[in-house]
Amino acid sequence: MRFRETETVELKSIVMDDIKKEIIAFANCDGGTIYVGVADDGTVLGIENADKCALQISNMVRDAVKPDVTMFIHYETLECDGKAVVAVNIQRGTNRPYYLAKKGLRPEGVYVRQGYSSVPATDTAIRQMIKETDGDSFENMRSINQALTFEATKKEFEKRNVVFGQPQMQTLKIVSADGIYTNLGLLLSEQCPHTIKAAVFEGINQNVFKDRREFSGSLMQQLNDVYDYIDFHNQTHATFRKLLRIDTRDYPEVAVREALLNTLVHRDYSFRASTLISIYDDRIEFVSIGGLLPGLELDDLMMGVSVCRNPHLANVFYRLQLIEAYGTGMKKIMGAYANALVQPKIKTTNNAFKIILPNVNFTPKAAEVHKDFEKAADLALDSNEEKVLQFLREHLMITRKETQTLLEVSQSTAGRILKAMVDSGQIKQIGGSRTTRYELRKE
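Because the structure is predicted, anything quoted here is derived from the model rather than measured.

Colleague: Hey, could you go over the nonpolar core for me, with residue numbers and the actual values?
Modeller: Here is a general trend for soluble globular proteins: nonpolar side chains tend to be buried in one another's company. I174, I277, F286, I355 and L357 are the most contacted members of the largest nonpolar core, which has 52 residues in total. Per-element accounting of this core gives the leading share, seven residues, to helix α8 (residues 253-266). Those residues in contact with I174 that lie beyond four places of it in its chain are F150, F164, M169, I180, Y181, T182, L184, G185 and L188. One finds I19, A50, F72 and V86 within the second-largest nonpolar core, a separate group that totals 25 residues.

What follows is the structure, encoded as C-alpha cells:
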C-alpha cells in the first residue's frame, strides 16, 4: 500500500500530542484518515503495539476534545510490508465545531483542514459551524466567548430572592446540556458585546447634542443604567387645580419601562449594531435592530399578539418579574397615555423597530419659554463672569469665598462659575485645597 498526504490523509510516524489537532480538523470538515506508523514521505515505519496505540489516542481524544467526538472515530490495524499501521478514520461530526477543551471555542482551539495541513479556524468559520449545528436561533447557539462572568445578573436574581446556580443556569438555557455557555449566557454576562447608545438633543431634531452615553455590560446592567439615565432626563412639571398641586412627568414611567424592556427583549442580537435611544424636547425614540417576525403585522402587535424572537431571554426576564408571560407591553404603553392629548407611535421596517413616546408636557410655547429661560441663564452667567473679571483687573486674585460674596450666590454656584471660567481659558487656578485662588490668564 502506498501512502501520501492529501486533504483527507495525514501521516504520523508515532503518536504525538498534535494528533488531537488533526482529529479535530477532520471532524470539523469532511472527515479523513490518520495513519500512525508512516513517515511524512510515505515510508512505512510500523507500530510495535497497535492496540496500545489505539487506546492511547482514544484516551487523548476523550479527555481533550469537546464536544465528545469519539463516536465519529474508528480504529483499524493494517499490515503493510510486514509492519503494523494504525488507521484512525474520522467522520465529519454532527456537533461541530470541535475544539481543544483547554483552548475553548476560539481560533487557537478550533482547527480545520486547509490543503494538506490542519490550521486554526477563523472566527467567521467558527460562527458558521455553530450556526449550521445549532440552527438560526441566536440565543441557543454556543457562545464563542466561554470566559463569562455574571455579577450584574447574580445581583438581579438575589434582589428578587431567585436562586442563580448551575442547575438554574441550565434550566434557563444559559448553559447547554454539555456545560457550554450559550449566546443567552453571553447576553447576560459582563462580556456582552451589544451596547445601547443614548443621546439627548436640543430641540426636536438631531442638529445639536446636549449629552450622549454608551451603555455596555450585561443586559441587566444596561437595563438599570439606561432606565436611570432616561429617568434623570424625565422632568416633572407642576400644575395647579385650585389649591391642589398636580405633578406630571414628561413621560409616564410605565411607558418608559415597557418601551425599554421591549427594546432589550425583542431585538435581533445576531446583528452587532447598537440599540439607539434618542431624547428630544418633544419625544423619546427607542430604535432596536430587527423588524416584526415573519407572519406578524403591526395590527397584530397592537392587539396583544406576542411572538417572541428571544423566548429564553424573555423567560429570564419573566422569572425576574420584569415582564409578564403574554404580550401586554404595548397595551401598557398605550394605557399610560390613555388620557393624554398625544399618543405613542410604532414604526417598523424589515430590519428595525421604533417606539416613539411623546412628551405629554411639551407645547411649542413651553419650548420657547424653556429657551428664553436658558438664554436668561446664559446672560446671568455672562454677567457674573464679567464681574469676576473686573474684580481680577483691580485686585489680581480672587478666592471662591470672595466670589461668593461678590456675586451674592451660594458656595456651589460660585465654584461652578469659577470652574467654567477656568475651562473656557479666561482665568487660571493656582494652588489646591484650602489655598485655591484664581487669577487672570495672561496671553
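Back to the text.
Colleague: Go over empty space enclosed by the protein with me, naming the residues and quoting the values.
Modeller: Applying the stated criterion to the full structure yields one cavity of 30 Å³ or more. The volume enclosed by the largest cavity comes to roughly 30 Å³. Taken together, H194, T195, I196, L219, Q222, L264, R267, Y269 and T275 make up the lining of the largest cavity. Of the residues in the lining of the largest cavity, the class split is four nonpolar, four polar and one charged.

Colleague: Tell me about a nonpolar patch on the surface, and please be specific about residues and values.
Modeller: A surface patch of nonpolar side chains, amounting to about 280 Å² of accessible area, comprises M303, V305 and V307. Topologically, V307 is positioned in the loop between α9 (298-302) and α10 (311-319).

Colleague: Lay out the packing of α8 against helix α11 (residues 329-336) in plain terms, naming residues and giving numbers.
Modeller: For the pair α8 and α11, the least separation of the axes is 8 Å and the interaxial angle reads 155 degrees. Between α8 and α11, the interaxial angle falls into the category roughly antiparallel. In this structure, the crossing between α8 and α11 has a hand that is left-handed. Contact residues: α8 offers V254, A255, E258, A259 and N262, while α11 offers G329, M330, K332, I333 and A336. In terms of residue class, the contact of α8 with α11 is made up of six nonpolar, two polar and two charged.

Colleague: Explain the pairing of strand β14 (residues 283-289) to me, and be specific about the residues and the numbers.
Modeller: Most of β14 sits out of view: six of its seven residues are buried. As paired elements, strand β13 (residues 275-279) and β14 share four bridges and run antiparallel to each other. Residue L276 lies in a different strand from β14, and its bridge partner there is V287. Counting the residues that bridge the hairpin from β13 to β14 gives three residues.

Colleague: Can you explain the sheet that holds strand β16 (residues 352-358)? Please cite residues and give values.
Modeller: The mixed open sheet is built from six strands, whose spatial order is β10-β9-β13-β14-β16-β15. Looking along the sheet, the strands with just one partner apiece sit at the ends: β10 (209-215) and β15 (345-348). If you compare each strand with its neighbour and ignore which way they point, the axes differ by 15 degrees on average. Packed on one face of the sheet, helix α7 (residues 219-233) meets β9 (196-201), β10, β13 and β14 and runs near 165 degrees to β10. Sheet strands touched by α11: β15 and β16. Its angle to β16, the strand with the most contacts, is close to 25 degrees.

Colleague: A description of the sheet that holds strand β17 (residues 397-398) should follow, citing residues and the corresponding values.
Modeller: Sheet architecture is open: three strands sit in the order β17-β19-β18, paired in antiparallel fashion. Every interior strand has two partners, whereas the edge strands, β17 and β18 (427-430), have only one. Inspection of the sheet shows β18 paired to strand β19 (residues 437-440) by four bridges, in the antiparallel sense. In the sheet register, I427 faces β19, and the bridge partner there is L440. The sheet contacts of helix α14 (residues 411-423) involve β18 and β19, and relative to β18 the element is tilted by about 115 degrees.

Colleague: Which residues make up helix α1 (residues 19-28), and what are the values?
Modeller: Taken across its ten residues, α1 has nine buried, putting it largely inside the fold. Every buried residue of α1 is accounted for by I19, K20, E22, I23, I24, A25, F26, A27 and N28.

Colleague: I'd like to hear about unusual backbone geometry, residue by residue, with values.
Modeller: Here the bond from K66 into P67 is cis, since omega is -15 degrees, no more than 30 degrees from zero. In this chain, R96 is followed by P97 through a cis amide linkage whose omega measures 0 degrees. Tracing the backbone shows P97 in the loop between β5 (83-90) and β6 (99-100). In this structure, Q321 is a non-glycine residue whose phi angle is positive, near 60 degrees. With respect to the secondary-structure elements, Q321 resides in the loop between α10 and α11.

Colleague: Just give me the short version of the pattern of salt bridges, but keep the residues and values in it.
Modeller: Applying the stated criterion across every chain, the model contains 20 salt bridges. Ionic pairing is found between E258 and R257, a salt bridge with its closest N-O pair at 2.9 Å. The class for E258 is buried, based on a relative accessible area of 7%. Residue classification places R257 among the partly exposed positions, given a relative accessible area of 31%. Between K332 and E258 there is a salt bridge whose closest N-O contact spans 3.8 Å. Placement of the pair is K332 in helix α11 and E258 in helix α8, with a sequence separation of 74 residues. Through salt bridges with shared partners, a single network forms among E10, K12, D18, E22 and R113.

Colleague: Got a sec to walk through the packing of aromatic side chains? Specific residues and values, please.
Modeller: Considering all chains together, one arrives at eight aromatic pairs under this definition. Seen from their ring centres, F201 and Y280 are 5.1 Å apart, and the 15 degrees between their planes marks the pair as stacked. Of this pair, F201 sits in strand β9 while Y280 sits in the loop between β13 and β14, and the two are 79 residues apart along the sequence. Among the aromatic side chains, those forming a connected cluster through ring pairs are F150, F157, F164 and Y181. Here the guanidinium or amino end of R212 rests over the ring plane of F209, the centre of that ring lying 3.5 Å away. The ring of Y280 carries the charged tip of R283 above its face, separated from the ring centre by 3.8 Å.

Parameters and conventions
- Residues numbered from 1 in each chain as written.
- Predicted model: local features only at pLDDT ≥ 70, side-chain atom pairs only at ≥ 80, totals over all residues.
- Heavy atoms only, no water.
- Core = buried A, V, L, I, M, F, W, Y, C linked by side-chain atoms within 4.5 Å.
- Buried < 20%, exposed > 50% of the residue type's maximum accessible area, 1.4 Å probe, protein only.
- Helix = DSSP H or I, 4+ residues; strand = E, 2+ residues; numbered from the N terminus.
- Contact = heavy atoms within 4.5 Å.
- 1 Å grid on protein atoms, 1.4 Å probe; cavity = no way out; pocket = protein on both sides within 12 Å on 5 of 7 lines; lining within 4 Å.
- Points joined across faces, edges and corners; volume = space filled by probe spheres on them.
- Nonpolar A, V, L, I, M, F, W, Y, C, P; charged D, E, K, R; others polar.
- Patch = residues over 30% accessible without salt bridge, like charges linked within 9 Å, V, L, I, M, F, W, Y side chains within 5 Å.
- Areas by Shrake-Rupley, 256 points an atom, 1.4 Å probe, with all protein chains shown as cover.
- Salt bridge = Lys/Arg side-chain N within 4 Å of Asp/Glu carboxyl O.
- Axes fitted to C-alpha atoms, helices over the stretch in contact; angles between N-to-C directions.
- Parallel < 35°, antiparallel > 145°, perpendicular 65-115°, else oblique.
- Left-handed = near helix turned anticlockwise from the far one by under 90°.
- Pairing = 2+ DSSP bridges.
- Phe/Tyr/Trp six-rings, centres within 6.5 Å; stacked < 30°, edge-to-face > 60°.
- Lys NZ or Arg CZ within 6 Å of the ring centre and 35° of its normal.

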